[in-house]
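Chain and residue survey
Single-letter residue listing:
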4 protein chains.
Amino acid sequence: MKHGCTEDEKQHVIDRLTALGYGTNVSGVEQTVIGAIGVLDRDRESLMEQLGALPYVERVVPVLKRYKLASLEFRAQRTTVTVGGVAIGGEALAVMAGPCSVESRQQLFATARVVRDAGATILRGGAYKPRTSPYEFQGFGEEGLKLLAAARDECGLAIVTEVLDPHDMDLVCCYADMLQIGARNMQNYTLLREAGRTRKPVLLKRGGMYPTIENWLLAAEYILAEGNPNVVLCERGLPPYGDTNLRRNVLDLTAVPIVKGLSHLPVIVDPSHGTGKAALVPPLARAAVTVGADGLMLELHPEPERAWSDGPQSLDFPTFQALMRDLPPLAAAVGRRLRSA
Amino acid sequence: MKHGCTEDEKQHVIDRLTALGYGTNVSGVEQTVIGAIGVLDRDRESLMEQLGALPYVERVVPVLKRYKLASLEFRAQRTTVTVGGVAIGGEALAVMAGPCSVESRQQLFATARVVRDAGATILRGGAYKPRTSPYEFQGFGEEGLKLLAAARDECGLAIVTEVLDPHDMDLVCCYADMLQIGARNMQNYTLLREAGRTRKPVLLKRGGMYPTIENWLLAAEYILAEGNPNVVLCERGLPPYGDTNLRRNVLDLTAVPIVKGLSHLPVIVDPSHGTGKAALVPPLARAAVTVGADGLMLELHPEPERAWSDGPQSLDFPTFQALMRDLPPLAAAVGRRLRSA
Amino acid sequence: MKHGCTEDEKQHVIDRLTALGYGTNVSGVEQTVIGAIGVLDRDRESLMEQLGALPYVERVVPVLKRYKLASLEFRAQRTTVTVGGVAIGGEALAVMAGPCSVESRQQLFATARVVRDAGATILRGGAYKPRTSPYEFQGFGEEGLKLLAAARDECGLAIVTEVLDPHDMDLVCCYADMLQIGARNMQNYTLLREAGRTRKPVLLKRGGMYPTIENWLLAAEYILAEGNPNVVLCERGLPPYGDTNLRRNVLDLTAVPIVKGLSHLPVIVDPSHGTGKAALVPPLARAAVTVGADGLMLELHPEPERAWSDGPQSLDFPTFQALMRDLPPLAAAVGRRLRSA
Amino acid sequence: MKHGCTEDEKQHVIDRLTALGYGTNVSGVEQTVIGAIGVLDRDRESLMEQLGALPYVERVVPVLKRYKLASLEFRAQRTTVTVGGVAIGGEALAVMAGPCSVESRQQLFATARVVRDAGATILRGGAYKPRTSPYEFQGFGEEGLKLLAAARDECGLAIVTEVLDPHDMDLVCCYADMLQIGARNMQNYTLLREAGRTRKPVLLKRGGMYPTIENWLLAAEYILAEGNPNVVLCERGLPPYGDTNLRRNVLDLTAVPIVKGLSHLPVIVDPSHGTGKAALVPPLARAAVTVGADGLMLELHPEPERAWSDGPQSLDFPTFQALMRDLPPLAAAVGRRLRSA
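The rules behind each value
- For every chain, the first residue of its written sequence is number 1, and the numbers climb from 1 along that sequence.
- Each chain gets a letter, beginning with A, and each ligand a number, beginning with 1, in the order they are written.
- The predicted nature of this model means local features are confined to residues of pLDDT at least 70 and side-chain atom pairs, given and counted, to a pLDDT of 80 or more, with totals for whole chains, interfaces and linings taken over all residues.
- Note that water and hydrogens are dropped before the side-chain values are worked out from all heavy atoms of the structure.
- Helix and strand assignments follow DSSP, with helices taken as H or I runs no shorter than four residues and strands as E runs no shorter than two, numbered in order from the N terminus.
- Note that the radius of gyration is over C-alpha atoms, with the globule rule given as 2.2 Å times the number of residues to the power 0.38.
- Categorising residues by exposure relies on relative accessible area from a 1.4 Å probe, with only protein chains included: less than 20% of the type maximum marks a residue as buried, more than 50% marks it as exposed, and the intermediate range marks it as partly exposed.
- Only heavy atoms matter for contacts: two residues are in contact if any of them lie within 4.5 Å across the pair.
- Note that accessible areas follow from Shrake-Rupley with a 1.4 Å probe, and for residues the cover is restricted to the protein chains shown.
- His is not counted, nor are the chain ends; Lys and Arg add positive charge and Asp and Glu add negative charge.
- Where a charge sits is defined by one atom per residue type, namely NZ (Lys), CZ (Arg), CG (Asp) or CD (Glu).
- The convention used is that axes are lines fitted to C-alpha atoms, helices contributing only their stretch in contact, and that angles between N-to-C directions extend from 0 to 180 degrees.
- Comment on the angle field: the value is read as roughly parallel under 35 degrees, roughly antiparallel over 145, roughly perpendicular from 65 to 115, and oblique elsewhere.
- For any pair of crossing helices, the crossing counts as left-handed if the nearer helix is rotated counterclockwise from the farther one by less than a right angle, and right-handed if it is rotated clockwise.
- Any Lys or Arg side-chain nitrogen located within 4 Å of an Asp or Glu carboxyl oxygen qualifies as a salt bridge.
- Once two parts are put together, the accessible area they lose, assessed with a 1.4 Å probe and summed over both, is termed the buried area.
- Pairing of N or O atoms within 3.5 Å defines a polar contact, subject to two protein rules: one partner must be a possible hydrogen donor and the other a possible acceptor, and residues neighboring in sequence count only if both atoms are side-chain atoms.
- The nonpolar class holds Ala, Val, Leu, Ile, Met, Phe, Trp, Tyr, Cys and Pro. Asp, Glu, Lys and Arg form the charged class, and all remaining residues, Gly among them, are polar.
- Superposing copies: least-squares fit, C-alpha atoms only, residues required to have pLDDT of at least 70 in both.
- Each pair of strands is called paired provided DSSP finds at least two bridges between the two strands.
- Orienting the strands away from the viewer, one traces the path from the first strand over the helix to the second; a clockwise path indicates a right-handed crossover.
- Only protein atoms enter the calculation, which uses a 1 Å grid: trapped sets of points that fit a 1.4 Å probe without letting it out are cavities, open sets showing protein on both sides within 12 Å along at least five of seven lines are pockets, and any residue with an atom within 4 Å of a point is a lining residue.
- Grid points are joined across faces, edges and corners, and a volume is the space filled by probe spheres set on the points.
- Buried residues of nine kinds, namely Ala, Val, Leu, Ile, Met, Phe, Trp, Tyr and Cys, make up a nonpolar core once their side-chain atoms join them within 4.5 Å.
- Side-chain rings of Phe, Tyr and Trp (the six-membered ring for Trp) are treated as a pair once their centres are within 6.5 Å; stacked means planes under 30 degrees apart, edge-to-face means over 60, and tilted covers the remaining angles.
- Only Lys NZ and Arg CZ are tested; either one counts as a charge over a ring when it is within 6 Å of the ring centre and within 35 degrees of the ring normal.

Regarding the overall build of chain A
- Across its full length, chain A carries 11 helices and 13 strands.
- Rg of the C-alpha trace for chain A: 21 Å, near the compact-globule value of 20 Å for 341 residues, within the 12% margin.
- If you line up chain A on its principal axes, its C-alpha atoms span 65 × 45 × 45 Å.
- Across the 341 residues that make up chain A, the buried fraction comes to 63%.
- Residue pairs in contact within chain A that sit at least 24 positions apart in sequence constitute 66% of those at least 6 positions apart.
- Total accessible area on chain A is roughly 12,100 Å²; 49% of this is exposed by carbon and sulfur atoms.
- Distance from the positive charge centre (37 side chains) to the negative charge centre (39 side chains) of chain A: 3 Å.

Here we look at the packing of helix H10 (residues 281-291) of chain A against helix H11 (residues 317-333) of chain A
Residue and element names in this part refer to chain A.
- It is at 10 Å that the axes of H10 and H11 come closest, and there the two elements cross at 25 degrees. Put simply, H10 runs roughly parallel to H11. Considering the relative orientation of H10 and H11, their crossing is right-handed. Packed against H10, whose contacting residues are Pro-282, Ala-285, Arg-286, Val-289 and Thr-290, the element H11 presents Thr-319, Leu-323, Asp-326, Leu-327, Leu-330 and Ala-331 at the interface.

Things to note about the pattern of salt bridges
Residues and elements named next belong to chain D.
- All told, the structure shown has 85 salt bridges over all chains when counted by the stated rule.
- Glu-226 is the salt-bridge partner of Arg-197, the closest N and O atoms lying 3.3 Å from each other. Linking Arg-197 in helix H6 (residues 189-197) with Glu-226 in the loop between helix H7 (213-225) and strand E10 (231-235), this pair joins segments that are 29 residues apart in sequence.
- On the accessibility criterion, Arg-197 (49% relative accessible area) is partly exposed.
- With a closest N to O distance of 2.5 Å, Asp-270 and Lys-205 form a salt bridge. Of the two residues, Asp-270 sits in the loop between strand E11 (267-269) and helix H9 (271-275) while Lys-205 sits in strand E9 (residues 202-205), which places them 65 residues apart along the sequence.
- Under the relative-accessibility criterion, Lys-205 is labelled buried at 3%.

Concerning the interface of chain B and chain A
- Each side of the interface is counted separately: chain B has 41 residues, and chain A has 41 residues.
- Carbon and sulfur atoms make up 58% of the area that chain B and chain A hide from each other, which totals about 3,300 Å².
- Considering only the surface of chain B that becomes buried against chain A, Tyr135(B), Arg184(B) and Met209(B) emerge as the three largest contributors, covering 23% of it.
- One salt bridge connects Glu136(A) with Arg66(B), and the closest N-O pair in it is separated by 3.0 Å.
- At the junction of chain B and chain A, the tally comes to 20 residue pairs in polar contact (both at pLDDT 80 or more).
- For the side of chain B that touches chain A, the secondary structure elements donating two or more residues are helix H6 (189-197) and helix H7 (213-225) of chain B.
- Residue contributions to the side of chain B that touches chain A peak at five residues, all from H7(B).
- Of the residues in the side of chain B that touches chain A, the class split is 17 nonpolar, 13 polar and 11 charged.

Comments concerning the relation of the copies chain D and chain A
- With an RMSD of 0.2 Å, chain D superimposes on chain A once it is rotated by 180 degrees and translated 0.0 Å along the axis. Here the two chains are linked by the operation of a two-fold rotation axis. It is Ala287(D) whose C-alpha, among those of chain D, lies nearest the rotation axis, at 2.2 Å.
- A shared binding surface is used by both copies, with 100% of the interface residues of chain D retained as interface residues in chain A.

A short note on the pairing of strand E7 (residues 158-162) of chain D
Residues and elements named next belong to chain D.
- Counted residue by residue, E7 has five buried out of five residues, so it is predominantly covered.
- Residue alternation in E7 divides its side chains into two sets, Ala-158, Val-160 and Glu-162 and Ile-159 and Thr-161, and both sets are buried.
- Pairing of strand E6 (residues 122-124) with E7, which is carried by three bridges, proceeds in the parallel orientation. What sits directly across from Ile-122, in E7, is Ala-158.
- In this fold, E6 hands off to helix H4 (residues 142-155), which returns the chain to E7; that crossover is right-handed.

Some points on the arrangement of the chains
- Nothing in chain A touches chain C; the tightest C-alpha to C-alpha distance between them is still 7 Å.
- A gap remains between chain B and chain D, with no contact made and the closest C-alpha atoms lying 7 Å from each other.

Digging into helix H10 (residues 281-291) of chain B
Residues and elements named next belong to chain B.
- Across the 11 residues of H10, 11 count as buried, placing the element largely inside the fold.
- Within the span of H10, buried status applies to Val-281, Pro-282, Pro-283, Leu-284, Ala-285, Arg-286, Ala-287, Ala-288, Val-289, Thr-290 and Val-291.
- One or two steps after H10, the chain reaches Gly-292, where phi turns positive at roughly 110 degrees.

Quick notes on the relation of the copies chain B and chain A
- Rotating chain B by 180 degrees about the axis while translating it 0.0 Å along that axis superimposes it on chain A, leaving an RMSD of 0.1 Å.
- In this assembly the copies share their binding face: 100% of the residues contributing to the interface of chain B also contribute to that of chain A.

Structural notes on empty space enclosed by the protein
- Tallied over the full model, the rule gives six cavities of 30 Å³ or more.
- By volume, the largest cavity amounts to about 90 Å³.
- Lining the largest cavity are Pro240(A), Tyr241(A), Pro240(B), Tyr241(B), Pro240(C), Tyr241(C), Pro240(D) and Tyr241(D).

Section: the nonpolar core
- Counting residues in each nonpolar core, the largest one holds 174 residues, and the members touching the most others are Leu204(B) and Leu204(C).
- Setting aside chain neighbours within four positions, we find Leu204(B) in contact with Ile181(B), Met186(B), Leu192(B), Trp216(B), Ala219(B), Ala220(B), Ile223(B), Val231(B), Val232(B), Leu233(B) and Cys234(B).
- With 173 residues, the next largest nonpolar core counts Phe74(A), Leu218(A), Leu108(D) and Leu145(D) among its residues.

With respect to the packing of aromatic side chains
- For the structure on display, the rule yields 16 aromatic pairs over all chains.
- Centroid distance Phe137(D) to Trp308(D): 4.9 Å. Interplanar angle 85 degrees. Geometry classified as edge-to-face. Placement of the pair is Phe137(D) in the loop between E6 and H4 and Trp308(D) in the loop between strand E12 (295-299) and helix H11 (317-333), with a sequence separation of 171 residues.
- Its relative accessible area of 42% is what places Trp308(D) among the partly exposed residues.
- Members of the aromatic cluster, connected to one another through ring pairs, are Phe137(A), Phe140(A) and Trp308(A).
- Geometry around Phe109(A) places Arg105(A) over its ring, the cationic atom sitting 4.5 Å from the centre.

Describing the side chain of Gln187(D)
- Examined against the element boundaries, Gln187(D) turns out to sit in the loop between strand E8 (178-181) and H6.
- Residue Gln187(D) is classed as buried on the basis of its relative accessible area, which comes to 3%.
- Beyond its immediate sequence surroundings of up to four residues, Gln187(D) is in contact with Thr132(C), Arg184(C), Gly208(D), Met209(D), Tyr210(D) and Asn215(D).

A closer look at the interface of chain D and chain A
- At the interface, 31 residues of chain D touch 31 residues of chain A.
- For the pairing of chain D and chain A, the buried interface totals around 2,700 Å² over both sides, and the portion due to carbon and sulfur atoms is 71%.
- Counting the surface chain D buries against chain A, the share from its top three residues, Tyr241(D), Arg247(D) and Thr254(D), is 22%.
- The interface formed by chain D and chain A contains two salt bridges.
- A salt bridge links Arg247(A) to Asp252(D), with the shortest nitrogen-to-oxygen separation between them at 2.5 Å.
- Counting the contacts that link chain D with chain A gives seven residue pairs in polar contact (both at pLDDT 80 or more).
- No other element matches helix H10 (residues 281-291) of chain D, which puts six residues into the side of chain D that touches chain A.

Below you can see the structure in the form of structure tokens.
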């Protein structure tokens, strides 16, 4: 829409699109952008002509990608997602850290204090765990959520935790500041839609059977299309080519600038899952900052060798603290800063 | 247990395992096999000694694989799964065929008659479709299920259809003879467990972020561990290495004899998704029979070029009929027969 | 060219193309096809017009694929490659079998006799071995070639053996009936060109860093473009997705009908490397015949457990003999026969 | 050997190993390390005992990896490779830059001056090009080598260029300061051995059919085992998972710290091939420095849109110059510096 258009003018465009059977999506701060969803190829040109003729419409831009709401064409302004008061996608890097699984009050609180004191702002911890085998520890469920909420109250950190089951969506929303959709569920469309029906920020990990960047943005589109604009993408590694004794996945840092060129959504990097080995986490975390990520997700444990899950990739406290001290000059070199600065 | 053991003796073993905190699973026709689930490494030896000392226990065998109930060690006798009167896993090959999506009564019924007349016994058709984009056709839902049920009534075919959402599980069970878990959901543990809580036969397609054979059997284990023994595995192709213009996936026929060497569960092959091109379906279907598959799943459409989804990989009627005529000598060459024979 | 054109007319077209700076390639039995190589996009149309105007030219067909000589557009008639009297690509299946490495006169001759008696016609055996480590057995070199030639003389089999080093090309040509280019060398363009400068039949295995079907045909094009038309393609498996304990590669049988739809060259299948496990070789060999392969390459050893290389994937004699007995009905079912029939 | 051992004592150990049929390799600056090559498992223990009993032997360490000379166990001190006066592997980062192919004197010299003025120290340029199709430009051969040498003389840069054909090895050695073995040839053992027989520094790109890190180190071992210790590894990306329109390969930056943990050899990163898109090169180059690489290889062209090969991934001069200005603070943050500093 032209700068300075009225509410009535906007509504007129929306009504017209609705009457033609299209969905709509409104965005923009200084200038309003109205998106039409579901336009068929054969109708595109005539619609562009009709709308372009309206005096208060500045420009009609076709979004030819399969994802629309997630695309830079649709929304040129970068999105900032606010999680419990922490902005992701702005100048400050968002560091999320914590244990793979919530194991005990003591484990969680000890970790949370270290997370906070080192300058990270979001606490992660799993209450529902997706496990390859049905006989492995599956998480404490609501008990774990309660511990996370208690840790938030004590430490003033926002919390992010994974949701696996659509049935648990409401419950997890009661406790969490941000919902995590894990890599195995990137193409679990039921779960994506349910997360889209909430307004909670969603951390969408890259994965699924075809973990392409296009499919990742289409997965984000499922959430956005339900009306939830608060999506943060998380790169966490592709399946490896051999060398499975040396690492767990192949962290694809190139995905960060690629996504930045296609989408307005923030992107963070998880070098813990992305490498699977604690010794590899600090160099890859540093590289992630340098490549332009909006934040990091790090696994951290008071005693990694005793962790119930993901021990080999969990940092111990001193290594995490050292890494956090290494980040500010790297952030500065790419025009960013750590939140704590 | 020894041949001829009494019910009391079996119960004694079960009670003892239960008292120790283990799950149990009983199988076997001529001879009873009692499985203990959840035994820790450190307790294995002493448990084997205790149980082995009982006079009516013939042998105690440790199952060291991460999957237990799915393993040949656990159950040496091959499983036959019965779907609406059709046995999968016996001498006869089970051919499932039908459209990707249920599109109309006419489309479905015309297809169902061709399926039946050609000697196939199970009708496939999607009422809920997992689509990469939220803007693509998502299936007719319950309306589609009703049409499938009507086609079953008219043609005497069993029906298999995909379930995507745990919320739909009861509804799909009302109509379907067999539940399909699609490739994208192979590691959707919530859905696997829900399917395990029904007693419906489940067709578990291979896929997920790490589509290894071990992970496939662990996914089956999620269903089996909930008490549903009726699992049929379906190979449908791995993500391709380039050449995406030439085909959709890389059908892994070697997986069939590998699984047969590891598990007692039946395995069928879907060359439609496995290749993505109709012209490639007949040769790969023939090869699947020769490699030892227990059946086939084939996509079929009255007018593939007008199909709402998966048109390029759908067979037209004459090609399907010709393929069905080609199968009997191949089946015979590997000691099998087509059901219709 | 039109049916019945004269030699002068053919020469005229060739001269004209040569004068314009293009390479040429003549093929066809009943009808002559003259290929122009190196035509730029911008010159294509005018050249087609000029040549199409000649009265003895029937049709000018642009070959838009990156490979030309290998394409079906260029040569619609299927190629038959004759190796020491054995035709590959005709009605009869060509079975090549033998040890991974030539280890001794006794090992090779014992194997050769079993190969011949079971009805296979080509003996394989490695004298130069590509090994991942420099410390592994690298083959007997010329000594091995001499043993292969002696086995040929005694058993009346043609022989195929791998060439690794351009320096060895002449030497290997002195002894072998067919040169094998191994999977690791599919994009070793120096070696491909050297093989193209001989007129020996070449068995080109699929592999290289990007083992796509297009790259495989482009590798064949390197040989064909040097003037050697005797290329046989061999599918032998893609790198695996995990499960490396269960098999060595992922045999891509779909590649056979795909290549048949793109190229006139014969295609055989090597289920020994394609699976890496002897127990998987017979079912995959059967499937390869059914899917339309022109032949098989099988590793065979008198005592697989003592083989110096590739023991786990080598068949013992009884298994090989049983497999050979299983093939005729499968071959018949797809309109082929075994040579021995 | 113990600190301060005599030459006679060293020779005694070497003679003893030679007499037992083993190869030997001597390294170490402050302390001498004598490596025994080719020790069988069954002889290891007795040999360790014998040698350990010698008074001037400090310790006998078994190297159990399949690669020996390349391993950190074998040589704990990091290797520095000197290329035309430029050290790779020390505190200073080595930046190699230049065109994909040498196209003309003007193109090469213009580029070389920009390379030098921006603070890079090694000029790259291809005279022999490995091309997927035989019809693509294959490089100027010796003419290109001469131009590279002339550019070196004028600009004072060392030069690195690819060798494809063992027949060209001597010729390339006459002109180049460093030989490049390209990704497609990582498992071309003939070429690796020939490069090992020279004493020229070798840049070994990661690739081949199974581009695992173990195979990469084994490829280096082929060169080292021939007696050439001057090997620099170069990470340049794994084949992609789909998204082939978005990039060419998946740059595996994690490989850098993994290799640093396994081997004493220097490792550089090529983000040009590693991404395939010029816009992605600067962020990945920055990340490569941060992750601990010993240098960079960058493709650069006066007019990328007119490059004869690899145009889309070639930087133009201003982008290259800006990138070079961005590197010093990142290098400083990880304890390194640019050579020009």
